[in-house]
Amino acid sequence: MAEWLIEQKIAVARIPDEQFDELKEYAMDALEKGEPLEDHPYYSINTEDGSNAENIMPIPPKFSTWLLKEIHTLFERHKAEGGIYGIDDTTMQIAKMWVNRMKKGDQHQLHCHTFSMYSFSSYLDVQDNDAPFIFVNGDHVEPVYINDNSNKHLLIFPSTLMHTVYRKTTDGERITASGNVVLNPFGVAVKP
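Residues numbered from 1 in each chain as written. Predicted model: local features only at pLDDT ≥ 70, side-chain atom pairs only at ≥ 80, totals over all residues. Heavy atoms only, no water.

Visitor: Would you mind going over the overall build of the chain with me for this structure?
Guide: Helix and strand counts for the chain come out as 2 helices and 11 strands. Listing the helices and strands of the chain from first to last along the sequence gives β-β-α-β-α-β-β-β-β-β-β-β-β. Within the chain, the fraction of its 192 residues that count as buried is 47%. In the chain, the proportion of contacts linking residues at least 24 apart, taken out of those at least 6 apart, comes to 80%. (Helix = DSSP H or I, 4+ residues; strand = E, 2+ residues; numbered from the N terminus. Buried < 20%, exposed > 50% of the residue type's maximum accessible area, 1.4 Å probe, protein only. Contact = heavy atoms within 4.5 Å.)

Structure (structure tokens):
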């Protein structure tokens, strides 16, 4: 069941167990493989030890199907209410996913995702007081505080919403999987 943190802006949902297990398996495999996302250095998470903080990951099919249905249920930006016709959960797709590994001192700079409709961040292994996710909407700053109850949940939001992850001040690792969702009315595969 999902709930709104900011109406039609930020939703939080619990990932069902089967989809979460698949997502975590794909993410951990991607961390082990270590293929860097190669994001712009301005946006990237800082890592003092030089390890890859963000790694490209394949898109888990069960998780993808569940997420797109959840987005279609919750959001209106891709529907007639948002001025777009003929789009549903079968005509959207996850264009790219990556897994983030933050260590003490790491942070993610303020940015948005301009070439997609929706973005998401899922919590795979986080702890109490673990680097809050911050949204900036005009003059309004909306922090989402992360704790061990955040595991198995994800945030979904419009990709153009500015966001950042504050500096991690706790020991241990903070592991999340994130991605972007695009509209794909013609069913043409989008290159990640």
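That shown, we press on.
Visitor: Just checking my understanding: could you explain helix 1 (residues 17-33) for this structure?
Guide: Along an α-helix, residues three or four positions apart point the same way, because every turn accommodates 3.6 residues. With 17 residues, helix 1 extends 24 Å from end C-alpha to end C-alpha; this agrees with the ideal 24 Å at 1.5 Å per step. Positioned one or two residues after helix 1, glycine 34 has a phi angle of 70°, which is positive. (Expected span 1.5 Å × (residues − 1).)

Visitor: I keep staring at unusual backbone geometry and nothing clicks. Help me out?
Guide: What you tend to see is this: most non-glycine residues have negative phi, and most peptide bonds are trans. A positive phi angle, close to 50°, is found at alanine 131, a residue other than glycine. By the secondary structure assignment, alanine 131 is in the loop between strand 6 (118-125) and strand 7 (133-137). By relative accessible area, which is 1% here, alanine 131 ends up buried. A positive phi is found at lysine 152, a non-glycine position, where the angle reads about 70°. Relative to the helices and strands, lysine 152 is located in the loop between strand 8 (140-144) and strand 9 (153-158).

Visitor: What exactly am I supposed to notice about the pattern of salt bridges here?
Guide: Pairs can form between side chains of opposite charge once their charged atoms are near each other. Counted by the stated rule, this structure contains 7 salt bridges. With a shortest N-O distance of 3.3 Å, arginine 14 and aspartate 17 are connected by a salt bridge. A relative accessible area of 37% means that arginine 14 is categorised as partly exposed. Overall, the relative accessible area of 41% leaves aspartate 17 in the partly exposed class. Look at the salt bridges and you will find they share partners, linking Arg14, Asp17 and Lys152 into a network. (Salt bridge = Lys/Arg side-chain N within 4 Å of Asp/Glu carboxyl O.)

Geometric values such as these leave the question of function open.
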